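# Secondary and tertiary structure notes
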Amino acid sequence: MFKNLRDLFKGSAPSTTKETGNDLSLAQIASNGKIDLSGWSTELLDGRQVDVFVPSTETPPLAVVLFLHGHGRVLLNKNPVFTQLLQQHKLIAVCPDGERGWWLDVVCREFDAEQSPQEWLIDSVLPFIEQRFSITPPRIALLGVSMGGQGVLQLAFRYASRFPVVAAIAPTVDIHQLYGSGIPLDTMFPDVEAARQASVVLNLHPLAWPKYQFFCCDPADADWFDGAARLGMKLSSSGILHERDLETSGGGHSWEYFNRMAGKSFKHIVESLRKLE
């Protein structure tokens, strides 16, 4: 069932073809030359790549989108769809490269021998944002795709008061289903049950949850849709308010779908940030 994803996830270098090569909408937008990507810059933080977007605006932006990438490690600095939305809504974006550590509070040797990816976000990336832009939670919204989608949900549920605004596109909720695939996830847990216990669905807190959360998954995403549907049912049965879109289809688990749902995700983020004012 997961053969295609297993093959994709085994690659260790940032993906340049698997997640973008067949995305016609992205190619068409990029070819018209109308989207300015010059607002992006790349910095190093603790020796790791962090891409930063600063919109062109007369007044300083008031919020940051912290974007967590998928297993292919594709960031947003070459993506005109997300860049256009960031510029339109005057939002800063900070996109760290967390390798293939699943953004969990579990040590991944590929990422670091001692510090977990989630610890790095809290201990290094957040201070970087504050020092650079004088913006702090809760005005840091979380956005992620695929592996990063489950990563932002994990982060938001663990630190609900700090990250009340979160949007997850095609989150890989049932991470344990990839255990044993020969990817770094195998080194992070002793067995599949331990990986399952670390999944989003089993780490919800009915009394501490992000106030404004949205997630979506393509019904044609055969590998990850069931997990997203279970997450929705668990949230509903627990009385946890959320928004979800499990109906819109187009592209499966790919950048075609991620780009398709970008507008709806940014709409959720912008409207939720306004409610914090």
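Read on for a plain summary of the structure. (Residues numbered from 1 in each chain as written. Predicted model: local features only at pLDDT ≥ 70, side-chain atom pairs only at ≥ 80, totals over all residues. Heavy atoms only, no water.)

## Concerning the overall build of the protein chain
Summing up its helical and strand segments, the protein chain has nine helices and eight strands in all. Residues counted as buried form 53% of the 277 residues belonging to the protein chain. The contacts of the protein chain with a sequence gap of at least 6 include a subset with a gap of at least 24, amounting to 74%. If you sum the accessible surface of the protein chain, you get close to 11,800 Å²; carbon and sulfur atoms cover 50% of it. (Helix = DSSP H or I, 4+ residues; strand = E, 2+ residues; numbered from the N terminus. Buried < 20%, exposed > 50% of the residue type's maximum accessible area, 1.4 Å probe, protein only. Contact = heavy atoms within 4.5 Å. Areas by Shrake-Rupley, 256 points an atom, 1.4 Å probe, with all protein chains shown as cover.)

## Looking at helix H9 (residues 255-275)
Every α-helix carries 3.6 residues per turn, so stepping three or four residues along brings you back to the same face. In a regular helix each residue adds 1.5 Å, so 21 residues correspond to 30 Å; H9 covers 29 Å between its end C-alpha atoms and thus fits that length. Considering bend angle alone, the principal kink of H9 is centred on Ala-262 and spans about 40°. (Expected span 1.5 Å × (residues − 1). Bend = angle between axes of the 7 residues up to and from the residue.)

## As for the pattern of salt bridges
Taken as a whole, this structure holds 10 salt bridges when the rule is applied. In this structure, Arg-100 engages Glu-110 in a salt bridge whose closest nitrogen and oxygen atoms are separated by 2.5 Å. In this pair, Arg-100 is assigned in the loop between strand E4 (92-96) and helix H4 (117-133) and Glu-110 in the loop between E4 and H4, connecting sequence segments 10 residues apart. By relative accessible area, which is 6% here, Arg-100 ends up buried. (Salt bridge = Lys/Arg side-chain N within 4 Å of Asp/Glu carboxyl O.)

## Section: the state of the cysteines
Across all of its chains, the model carries zero disulfides by this definition. The closest cysteine sulfur to the non-disulfide-bonded Cys-216 is located on Cys-217, 7.5 Å from its own sulfur. (Disulfide = S-S within 2.5 Å.)

## Comments concerning helix H8 (residues 225-237)
Here H8 contains 13 residues, and its C-alpha end-to-end distance of 18 Å stays within 8% of the 18 Å for a straight helix at 1.5 Å per residue. Burial in H8 covers these residues: Phe-225, Gly-227, Ala-228, Leu-231, Gly-232 and Leu-235. Projected down its long axis, H8 carries its buried residues within an arc of 165°, all on one side. In H8, the exposed residues that point more than 90 degrees away from the buried face are Met-233 and Ser-237. Against the buried residues of H8 lie helix H5 (147-158), strand E7 (212-216) and strand E8 (243-245). (Arc of directions from axis to C-beta.)

## Considering the sheet that holds E7
The pairing of strands in a sheet happens through backbone hydrogen bonds and is either parallel or antiparallel. Strand order in the open sheet formed by eight strands is E1-E2-E4-E3-E5-E6-E7-E8, with mixed pairing between adjacent strands. Looking along the sheet, the strands with just one partner apiece sit at the ends: strand E1 (40-45) and E8. Averaged over all pairs of adjacent strands, the angle between their axes in this sheet comes to 20°, without regard to strand direction. Relative to E4, strand E3 (residues 64-68) is paired through three bridges, and the arrangement is parallel. When the sheet's bridge partners are listed, Val-64 is paired in E4 with Ile-92. Its contacts with the sheet put helix H3 (residues 80-88) on E1, strand E2 (48-53), E3, E4, strand E5 (140-145) and strand E6 (165-169), and the angle it makes with E2 is roughly 55°. (Pairing = 2+ DSSP bridges. Axes fitted to C-alpha atoms, helices over the stretch in contact; angles between N-to-C directions.)

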